Amino acid sequence: MAFMCATGKHRRPSRVKRSTVQAAGVAALATTGVIGTLASPALAADNSVEQTGLNPVIAIGDSIADKIDAQADAQKQAAEEAARKKAALEAARKKAAAKAKAEREAKERAARAAERKRLNTFVAPISNSYVSTGYKTGGSLWSSGSHTGIDFHAASGTSVHAVGSGTVVEAGWGGSYGNNIVIKMSDGTYTQYGHLSSIGVSVGQTVTPGQQIGLSGATGNVTGPHLHFEARTTPDYGSDIDPVAYLRSHGVNV
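In every chain, residue numbers begin from 1 and rise along the written sequence. The predicted origin of the model limits local features to residues at a pLDDT of at least 70 and limits the giving and counting of side-chain atom pairs to 80 or more, whereas totals for whole chains, interfaces and linings rest on all residues. With hydrogens and water stripped out, all remaining heavy atoms of the structure feed into the side-chain values.

Draft legend 1. Representation of the packing of aromatic side chains in the model. Side-chain rings of Phe, Tyr and Trp, where Trp is taken by its six-membered ring, are said to pair if the distance between their centres is within 6.5 Å; with planes under 30 degrees apart they count as stacked, over 60 as edge-to-face, and otherwise as tilted. Inspection of every chain in the model, using the stated rule, returns three aromatic pairs. Geometrically, the ring pair formed by Phe 122 and Tyr 246 is edge-to-face, given 6.0 Å between the ring centres and 75° between the ring planes. One end of the pair, Phe 122, is in the loop between helix H5 (55-119) and strand E1 (131-133); the other, Tyr 246, is in helix H6 (residues 243-249), and 124 residues separate them in sequence. As far as the burial class goes, Phe 122 and Tyr 246 line up, both buried. Both rings, one in Tyr 193 and one in Phe 229, keep their centres 5.5 Å apart while their planes meet at 65°; by these two values the pair is edge-to-face. Secondary structure elements are defined from DSSP: runs of H or I of at least 4 residues count as helices, runs of E of at least 2 residues count as strands, and each element is numbered from the N terminus. Exposure categories follow from relative accessible area, calculated using a 1.4 Å probe and restricted to protein chains: below 20% of the type maximum is buried, above 50% is exposed, and the middle band is partly exposed.

Dropping the structure here:
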């Protein structure tokens, strides 16, 4: 009987065996990276294990779980916050891009509108001048018996401008008109510029309002330098219309 009591299976394990088991468990936790910082406190609690068995080891396990949960919550919150910030930045980027696109398109529309307005604008053929001889003025100076256009006062060499947008259909010698230019306007009418001292455009060339096309002079049948200007329904002589009324209908004050 004495032999059975000494070796009975209910005898408490020796202190050395318990400490070894506890150290191995804590070391395993540390090795997995769960909470390596608890390795030393766990080993330091050896005296309490001696007195209460496995209870301290269980308490340490609960503490580790709580800290893991806290870390997981913190990581989740950080990830959510990063996602919110990323979404906010992306929304701000898209908003800025949309605003820039809208501003760019508005500028492009304004530029196109301004260009259309410029191309549809008419100007006087001679700047800061006046009509020296009116339309249908009679006299022997004109083969038809009357003036088929109007004359603008201009010294020789004064810049002559296209009154509007169009395409040059004639540029050269025009008989009694001297050096002359005829332009088919964008509205289908024609304008003529006569008695030029110099021609600066060629047939087929497009012109815009106010563009210099030549210089005034006294070529052809004239008594002195000036610009002869005609408005026509065709490019040919005899299809003339009132040039003053024509220019005024396009907003030119003459």
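Draft legend 2. Layout of the side chain of His 161. Along the chain, His 161 falls in strand E3 (residues 159-161). Once residues lying within four places of it in the same chain are set aside, the contact partners of His 161 are Ala 124, Pro 125, Ser 127, Tyr 193, Gly 210, Gln 211, Gln 212 and Ile 213. Any two residues having at least one pair of non-hydrogen atoms within 4.5 Å are treated as being in contact.

Draft legend 3. Highlighting the confidence of the model for the chain. Each residue carries a pLDDT score, the predictor's confidence in it, ranging from 0 to 100. Residues of the chain with pLDDT of at least 70 account for 74%, and the chain-wide mean is 83. Confidence drops under pLDDT 50 across residues 1-11; counting only partners more than four residues distant or on other chains, this segment forms one contact.

Draft legend 4. Quick peek at the pattern of salt bridges. In what follows, salt bridge is the name for a side-chain nitrogen of Lys or Arg lying within 4 Å of a carboxyl oxygen of Asp or Glu. Inspection of the entire model under this criterion finds five salt bridges. For Glu 81, the salt bridge is made with Arg 84, and the minimal N-O distance between the two is 2.6 Å. In this pair, Glu 81 and Arg 84 both sit in helix H5, three residues apart, roughly one turn of the helix. What makes Glu 81 partly exposed here is its relative accessible area of 33%.

Draft legend 5. Structural context of the pairing of strand E6 (residues 190-199). Counting buried positions along E6 gives seven out of 10 residues, so the element sits mostly inside the fold. For two strands to be treated as a pair, DSSP must find no fewer than two bridges joining them. Pairing between strand E5 (residues 179-185) and E6: five bridges, direction antiparallel. Opposite Lys 184, over in E6, you have Tyr 190 as the bridge partner. Linking E5 to E6, which pair antiparallel, is a turn of four residues; within it Gly 188 sits at a positive phi near 95°. Across five bridges, the pairing between E6 and strand E9 (residues 226-232) is antiparallel.

Draft legend 6. Region of interest: the pairing of strand E4 (residues 166-173). Bridge analysis of E4 against E5 gives seven bridges, and the strand direction is antiparallel. For Trp 173, the partnering residue across the bridge sits in E5 and is Asn 179. Hairpin connection, E4 to E5: the antiparallel pair is bridged by five residues, and Gly 175 has positive phi, about 65°. Where E4 meets strand E7 (residues 206-207), two bridges bridge the pair, whose relative direction is antiparallel. Bridging from a neighbouring strand, Thr 167 pairs with Thr 206 of E7.

Draft legend 7. Representation of a negative patch on the surface within the structure. Together, Asp 62, Asp 66, Asp 69 and Asp 73 make up a region of like negative charge exposed at the surface. With respect to the helices and strands, the residue Asp 69 is situated in helix H5. Judged by its relative accessible area of 46%, Asp 69 falls in the partly exposed class. Candidate patch residues must exceed 30% relative accessible area and have no salt bridge, after which like charges are joined if within 9 Å and Val, Leu, Ile, Met, Phe, Trp or Tyr side chains if within 5 Å. Surface exposure here means Shrake-Rupley accessible area, sampled with a 1.4 Å probe, where a residue is shielded only by the protein chains that are shown. Asp and Glu count as negative and Lys and Arg as positive, but His and the ends of the chain are not part of the count. The atom standing in for a charge is NZ when the residue is Lys, CZ when it is Arg, CG when it is Asp and CD when it is Glu.

Draft legend 8. Representation of unusual backbone geometry within the structure. One non-glycine residue with positive phi stands out, namely Asn 128, at about 55°. Look at His 195: it is not a glycine, yet its phi comes out positive at around 65°.

Draft legend 9. Fine view of the side chain of Asp 151. In this structure, Asp 151 sits in strand E2 (residues 150-153). Buried and unpaired, Asp 151 has Arg 232 as its nearest opposite-charge partner, separated by 12 Å. As used in this structure description, the phrase polar contact means that two N or O atoms lie within 3.5 Å; if the pair is within protein, one of them must be able to donate a hydrogen and the other to accept it, and residues adjacent in sequence are counted only when both atoms belong to side chains. Within the local environment of Asp 151, its side chain forms a polar contact with the side chain of His 226, the two groups lying 3.5 Å apart. Excluding anything up to four places from it in sequence, Asp 151 contacts Tyr 130, Val 131, Ser 132, Thr 133, His 226, Leu 227 and His 228.

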